[in-house]
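Each chain, written out:
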Amino acid sequence: QHGIFSEEEAYNTVVKPFFPESKYQSSESISIKESVWVTPDVIDDSEGLTIDIKCPYTPYTYFQNISKLKDTYVSQVQMQMIGTKHDKGFLCFYLTSTQTDDFGNKIEYEIPIEKRHKYIPIVGDKDYQKEILIRIDDFFGVRDTIHSHLVQANELTDLEFFELCENKKVTRFKDK
């Protein structure tokens, strides 16, 4: 939730000044195929780019994020670029505090804004994007198979589950 609440602040503070033609559209989704939508945080059609904003709230996680990008972050921007048809993207990391005073006013880090944000370019990769679309199709097949098995499964009581575990290695699907 911190990221969701801080995205618009990040947009106004560190994105809009660098990309004045950009549009904050965190609530507008774009269909990339049937039943699959992406929601880019920022698009700039004049520059042909898509920006995803990340708002870590500790200096440690900020530096962790920018030193080694999470695969999920890169995949997310690649998926958003499929939707926007842009070839360029950025992950924008914006370090912002979660601290508030007694009146609910935000207490921001005493770190210059220039030091607590970073843009990391993500180049559109058509092969990667094709693989994402294939994996989406595979996911729906697996999801449908799991669903068909679950609707036919017998629900166990806690005691039945306990007794089954006495002789077998068993885990509940919901525990996974």
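Reading guide: rules and limits
- Residues numbered from 1 in each chain as written.
- Predicted model: local features only at pLDDT ≥ 70, side-chain atom pairs only at ≥ 80, totals over all residues.
- Heavy atoms only, no water.
- Pairing = 2+ DSSP bridges.
- Helix = DSSP H or I, 4+ residues; strand = E, 2+ residues; numbered from the N terminus.
- Contact = heavy atoms within 4.5 Å.
- Axes fitted to C-alpha atoms, helices over the stretch in contact; angles between N-to-C directions.
- Buried < 20%, exposed > 50% of the residue type's maximum accessible area, 1.4 Å probe, protein only.
- Core = buried A, V, L, I, M, F, W, Y, C linked by side-chain atoms within 4.5 Å.
- Expected span 1.5 Å × (residues − 1).
- Patch = residues over 30% accessible without salt bridge, like charges linked within 9 Å, V, L, I, M, F, W, Y side chains within 5 Å.
- Areas by Shrake-Rupley, 256 points an atom, 1.4 Å probe, with all protein chains shown as cover.
- Salt bridge = Lys/Arg side-chain N within 4 Å of Asp/Glu carboxyl O.
- Polar contact = N/O pair within 3.5 Å; in protein donor to acceptor, adjacent residues only side chain to side chain.

Chemist: An account of the sheet that holds strand β1 (residues 23–24) is needed here, citing residue identities and associated values.
Modeler: The mixed open sheet is built from 5 strands, whose spatial order is β1-β4-β5-β6-β7. This sheet does not close on itself; its edge strands, each paired only once, are β1 and β7 (117–123). As paired strands, strand β6 (residues 88–94) and β7 are joined by 7 bridges and run antiparallel to one another. Within the sheet, the bridge partner assigned to F93 lies in β7 and is K118. Contacts from helix α2 (residues 59–67) reach β6 and β7 within the one sheet, and its direction differs from that of β7 by about 25°. Sheet strands in contact with helix α3 (residues 71–84) are β4 (42–44), β5 (49–54), β6 and β7, and its direction is about 145° off that of β5.

Chemist: Please set out the pairing of β5 residue by residue, giving values where relevant.
Modeler: Buried residues dominate β5, accounting for 6 of its 6 residues. The alternating pattern of β5 places L49, I51 and I53 on one face and T50, D52 and K54 on the opposite face, and all of these are buried. As paired strands, β4 and β5 are joined by 3 bridges and run antiparallel to one another. Its bridge partner being in β5, D44 is matched across the sheet by L49. Hairpin remark: β4 followed by β5, antiparallel, with 4 residues in the connecting loop; positive phi at G48, about 65°.

Chemist: Let's hear about the nonpolar core: which residues, and what values?
Modeler: In terms of nonpolar packing, the biggest core is built from 14 residues, with V15, F19, I51, I53, C92 and Y119 touching the most fellow members. Elements supplying a minimum of two residues to this core: α1 (2–15), β5 and β6. It is α1 that contributes the most residues to this core, 4 residues altogether. V74, M81, L95 and I120 belong to the second-largest nonpolar core, a separate cluster that totals 11 residues.

Chemist: I'd like a description of helix α4 (residues 126–152), backed by residues and values.
Modeler: Side chains of residues three or four places apart in an α-helix project in the same direction, reflecting 3.6 residues per turn. With 27 residues, α4 ought to run about 39 Å at 1.5 Å a step, and its terminal C-alpha atoms sit 40 Å apart, in line with that. Those residues of α4 not exposed but buried are Q129, I132, I136 and F140. On its buried face, α4 is in contact with β2 (30–33), β3 (36–38) and α3.

Chemist: An account of a nonpolar patch on the surface is requested, with residue identities and associated values reported.
Modeler: A contiguous nonpolar patch, built from V142, I146 and L150 and spanning about 230 Å² of accessible area, is present on the exposed surface. L150 gets classed as partly exposed once you look at its relative accessible area, which sits at 42%.

Chemist: Go over the environment of P40, please, and point to the residues and values.
Modeler: Tracing the backbone through its elements, the reader meets P40 in the loop between β3 and β4. Of the residues examined, P40 reaches a relative accessible area of 0% and is grouped as buried. A C-alpha to C-alpha distance of 6.8 Å links P40 and I51, two positions 11 residues apart in sequence. Discounting chain neighbours no more than four positions away, the residues touching P40 are Q25, S26, E28, I30, T50, Q80 and T84.

Chemist: Break down the side chain of H86 for me, citing the residues and quoting the values.
Modeler: For H86, the location among the structural elements is in the loop between α3 and β6. Classification of H86 by relative accessible area gives buried; the value is 6%. In terms of polar contacts, H86 uses its side chain to reach the side chain of T50, at 2.8 Å. Reaching out from H86, the side chain makes a polar contact with the side chain of T84 at a distance of 3.2 Å. Residues within four places of H86 in sequence aside, it is in contact with I43, D44, D45, G48, L49, T50 and M81.

None of this, on its own, says anything about what the molecule does.
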